[in-house]
Each structure stands twice: as structure tokens, then as C-alpha cells.
Amino acid sequence: MTLTSRPPHTTLFQKDNLEHKSRLFNDKALSPAAIRARHEAYRENNIHHLALFLLKKRVLIGYTSILIKPNEPGVAHQSMTGVKKEYRGGGIAKYLKALMIQRIVKECPELSIIKTAIHSKNKPSQRLNRRLGFQKVGVFKEYIIPKESILSYLQESGISAN
């Protein structure tokens, strides 16, 4: 399978069954509704999204995903891997990432690079990625601004926030 003839935007869950899955880390960003919304946004932007969910008794305990963007041929972005706190340390993240990499390499043989970004304080994920063969090639700087500062700036500039 090539990037020009990608499979349908697929995940390893059924939409009608997803509501019964628990949220990972009690994080709203990983709630079933949020996952579905992101998946639909990817589809609308022609971003190929593959996700693997690991369930135990219908409870989500692990998740990983990869994105392939149309403006970056040959590049896959390992975008998220997470394991519910009480299941960490048992190799689940390694299993999920390895399974995902195996799947993406098989389905998209023309990929030449798999990228990932890891928070500087996430040492377990950094170790895992090194073990899987990822190499650190740079440091990503992120700039943030609190909502209050944005609203204050808009008000001072005479720009309506509505």
C-alpha cells in the first residue's frame, strides 16, 4: 500500500463501541468524543491517521497513533503514545509503538522517516524511543500565552474578542 493509495482512515475500534471505553489519564483530550473529533478533523484535512487502542475488559489502558500529512510525503509522525498509570512499566508502550511502527512500515513502504516529539521531562518516553532506534536530532521550543494575556492584548489593541 502506498501513500497515494492509502487505506481508509481507520482505527482499531468501532465508533459505536467507543463510548464504553474509559478515558486514559482522566484526560479530556483522550475522551472518546475528543478522539473522534480529532479523527474527523484529520479526515477533513486529508491527514492519514492510524490509531491503536489496547483494551482490558472494555477499558482503554493504552493508545498510540501516527499521522501522515499530505504536505510531507515519506514522513510519518508518531503523535501520541500513552498508557494508563496503573499499567505503566510493563512494556505496554513499547509493544504499542513497535506494533504501530511495524504496521506503518508494512502499509506504507515508501516512508523514509518516522518522527516523534517528546516533552523534555518525559524521561521514560525518551528512553523507550532510544531503545526503538529513534535518534534525537534537535530540541523543540514551545511558546505559550495564557488566555488572559491574549484577551488583555486584544482589549488594549481595540480588537474585539468576540
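Residues numbered from 1 in each chain as written. Predicted model: local features only at pLDDT ≥ 70, side-chain atom pairs only at ≥ 80, totals over all residues. Heavy atoms only, no water.

Participant: Got a minute to help me understand the nonpolar core in this structure?
Facilitator: A general trend in soluble globular proteins is that nonpolar side chains are found buried together. Judged by nonpolar contacts, the single largest core of 13 residues is most densely connected at Ile66, Ile68, Ala76, Ile104 and Leu111. Secondary structure elements with two or more residues in this core: strand E1 (48-56), strand E2 (59-68), strand E3 (75-83) and helix H3 (92-107). In terms of residue count, H3 provides more of this core than any other element does, four residues in total. Ile35, Ala51, Phe53 and Leu60 belong to the second-largest nonpolar core, a separate cluster that totals five residues. (Core = buried A, V, L, I, M, F, W, Y, C linked by side-chain atoms within 4.5 Å. Buried < 20%, exposed > 50% of the residue type's maximum accessible area, 1.4 Å probe, protein only. Helix = DSSP H or I, 4+ residues; strand = E, 2+ residues; numbered from the N terminus.)

Participant: Could you clarify how one ought to interpret the sheet that holds E3 in this entry?
Facilitator: Strand order in the open sheet formed by four strands is E1-E2-E3-E4, and the pairing between neighbours is mixed. Each edge of the open sheet carries a strand with a single partner, namely E1 and strand E4 (113-116). Each strand of the sheet is rotated relative to its neighbour by a mean of 25 degrees, with strand direction disregarded. The pairing of E1 with E2 spans nine bridges and is classified as antiparallel. For His48, the partnering residue across the bridge sits in E2 and is Ile68. The strands touched by H3 are E1, E2, E3 and E4; relative to E1, the strand with the most contacts, the crossing angle is about 145 degrees. (Pairing = 2+ DSSP bridges. Axes fitted to C-alpha atoms, helices over the stretch in contact; angles between N-to-C directions. Contact = heavy atoms within 4.5 Å.)

Participant: Hey, could you run me through the environment of Ile66 in this one?
Facilitator: Within the secondary structure, Ile66 sits in strand E2. Taking the C-alpha atoms as reference points, Ile66 and Ile101, 35 residues apart in sequence, are found 8.7 Å from one another. Beyond its immediate chain neighbours, meaning those up to four positions away, Ile66 contacts His48, His49, Leu50, Ala76, His77, Gln78, Ser79, Met100 and Ile104.

Participant: Which parts of the structure should I look at to understand the layout of surface pockets?
Facilitator: Unfilled space is identified by rolling a water-sized probe across the atoms. Empty space within the largest pocket amounts to approximately 1,100 Å³. Lining of the largest pocket is provided by 26 residues; of these, Thr116, Ala117, Ile118, Gly138 and Phe140 occupy positions nearest its centre. Those elements giving two or more residues to the lining of the largest pocket turn out to be E3, E4 and helix H4 (123-131). With four residues, the top contributor of residues to the lining of the largest pocket is H4. Tallied by class, the residues present in the lining of the largest pocket amount to eight nonpolar, eleven polar and seven charged. Taken as a whole, the second largest pocket encloses approximately 630 Å³ of empty space. Together, 26 residues line the second largest pocket, and Thr81, Ala93, Asn122, Pro124 and Ser125 are the ones closest to its centre. At six residues, E3 tops the list of elements feeding residues into the lining of the second largest pocket. (1 Å grid on protein atoms, 1.4 Å probe; cavity = no way out; pocket = protein on both sides within 12 Å on 5 of 7 lines; lining within 4 Å. Points joined across faces, edges and corners; volume = space filled by probe spheres on them. Nonpolar A, V, L, I, M, F, W, Y, C, P; charged D, E, K, R; others polar.)

Participant: Would you mind going over a positive patch on the surface with me for this structure?
Facilitator: On the surface, a cluster of positive charge is made up of Lys94, Lys123, Arg127, Arg130, Arg131 and Lys136. With four residues, H4 is the largest single contributor of residues to the positive patch. Its location among the elements puts Arg131 in helix H4. Assessed through its relative accessible area of 57%, Arg131 is described here as exposed. (Patch = residues over 30% accessible without salt bridge, like charges linked within 9 Å, V, L, I, M, F, W, Y side chains within 5 Å. Areas by Shrake-Rupley, 256 points an atom, 1.4 Å probe, with all protein chains shown as cover. Salt bridge = Lys/Arg side-chain N within 4 Å of Asp/Glu carboxyl O. Lys, Arg positive; Asp, Glu negative; His and termini not counted. Charge placed at Lys NZ, Arg CZ, Asp CG, Glu CD.)

Participant: When you look at the pattern of salt bridges in this model, what are you seeing that I'm missing?
Facilitator: Two side chains that carry opposite charge are able to pair once their charged atoms sit near each other. Under the definition given, this model contains four salt bridges. For the salt bridge of Glu86 with Lys84, the shortest nitrogen-to-oxygen distance reads 3.9 Å. Note on Glu86: relative accessible area 56%, which makes it exposed. Owing to a relative accessible area of 18%, Lys84 belongs among the buried residues under this scheme. For Arg103, the salt bridge is made with Glu107, and the minimal N-O distance between the two is 3.0 Å. Separated by four residues within a single helix, Arg103 and Glu107 lie in helix H3, roughly one turn from each other.

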